[in-house]
Amino acid sequence: LASLFLNLRNNDFPLGYHPDEVKKVAFVENGMQDFYHPILLLQGTRLLSAVMHPASQQQTVEIGRLLSALAGTAAVALVFLLARRGMPPAWALLASALTATSPIIVIHAHYLKEDLVFTCFFLLALLQMLRTLDTPNAINSVFLGVACGLALSSKYIGVLFIPLCLFAPLTRQPNERRKIYSILPLTAIAACATFIAINYP
């Protein structure tokens, strides 16, 4: 709640402080894009705009900023879940509190930009990868693929998660390793399907 408060506070400042926002608002309104980034953020803003019917570019950018703020807050929760895997609850809470109050997180949460959407889904993919390593089954594999597809659909740098998925099973025993590698094709299919569905335009 504190993270959400910080991320939403004063995010109604005028459009124009960041040139990327001006371009992205135009893309949202005219249905175009330049593909310098995948279009998950644009598609999400378009979807919310279709529901909320913004009457001006300022209202459109504030809808996009809302998505960034929510992604930043979700990232704080994901940091807690990741930290909780290896730390006592108090230390995991401290890690998430430091994330919530980090200036780079709070500032990026105030802009219609891809950074926090990518951070959120990269952390989700990392958490799901660890869960898949712990319990290698088809459901976890598909969820990992969807999370990877969402990260890739946020920023192209998400492609770096692919080698991570390929090398991570090497940390397990040989019998577990074979089982994990046997379900990774499902991950690849789910990731490709997610990426194509979002970026079809």
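Model, not experiment: these values are computed from the prediction. (Residues numbered from 1 in each chain as written. Predicted model: local features only at pLDDT ≥ 70, side-chain atom pairs only at ≥ 80, totals over all residues. Heavy atoms only, no water.)

### Observations concerning empty space enclosed by the protein
Operational definition: The method works on a 1 Å grid over the protein atoms by themselves. A cavity is a set of points holding a 1.4 Å probe that cannot get out, a pocket is an open set with protein on both sides within 12 Å along at least five of seven lines, and residues with an atom within 4 Å of a point line them. Grid points are joined across faces, edges and corners, and a volume is the space filled by probe spheres set on the points. Comment: elements are numbered from the N terminus, with helices defined as DSSP H or I runs of at least four residues and strands as E runs of at least two. Side-chain classes are defined by residue name, with Ala, Val, Leu, Ile, Met, Phe, Trp, Tyr, Cys and Pro counting as nonpolar, Asp, Glu, Lys and Arg as charged, and the others, Gly among them, as polar.
All told, the structure shown has 2 cavities of 30 Å³ or more when counted by the stated rule. For the largest cavity, the calculated volume is near 80 Å³. As for the largest cavity, its lining consists of Lys-23, Lys-24, Phe-27, Gln-33, Asp-34, Phe-35, His-37, Pro-38, Ile-39, Leu-42 and Glu-114. If one sorts the elements of the lining of the largest cavity by residue count, helix α2 (residues 19-30) sits on top with 3 residues. For the second largest cavity, the full set of lining residues is Met-129, Thr-132, Leu-133, Leu-144, Cys-165, Ala-168, Pro-169, Ile-180 and Leu-184. At the level of elements, α7 (115-134) and α10 (174-199) are the ones that each hand at least two residues to the lining of the second largest cavity. Per element, the largest residue contribution to the lining of the second largest cavity is 3 residues, and it comes from α7. Along the lines of polarity and charge, the residues of the lining of the second largest cavity split into 8 nonpolar, 1 polar and no charged.

### Quick look at a nonpolar patch on the surface
Spelled out, the test is: Patches draw on residues past 30% relative accessible area with no salt bridge. Two like charges within 9 Å are joined, as are two nonpolar side chains (Val, Leu, Ile, Met, Phe, Trp, Tyr) within 5 Å. Note on areas: Shrake-Rupley with a 1.4 Å probe; residue coverage comes only from the protein chains shown. A carboxyl oxygen of Asp or Glu within 4 Å of a side-chain nitrogen of Lys or Arg is what we treat as a salt bridge. For each residue, the accessible area found with a 1.4 Å probe, counting protein chains only, is set against the maximum for its type, and the residue is called buried under 20%, exposed over 50%, and partly exposed in between.
A surface patch of nonpolar side chains, about 740 Å² in accessible area, is lined by Ile-157, Val-159, Leu-160, Ile-162, Leu-166, Phe-167, Leu-170 and Tyr-181. A total of 3 residues in the nonpolar patch trace back to one element, the largest contributor, which is helix α9 (residues 161-167). On the basis of relative accessibility, which here comes to 43%, the residue Ile-157 falls in the partly exposed class.

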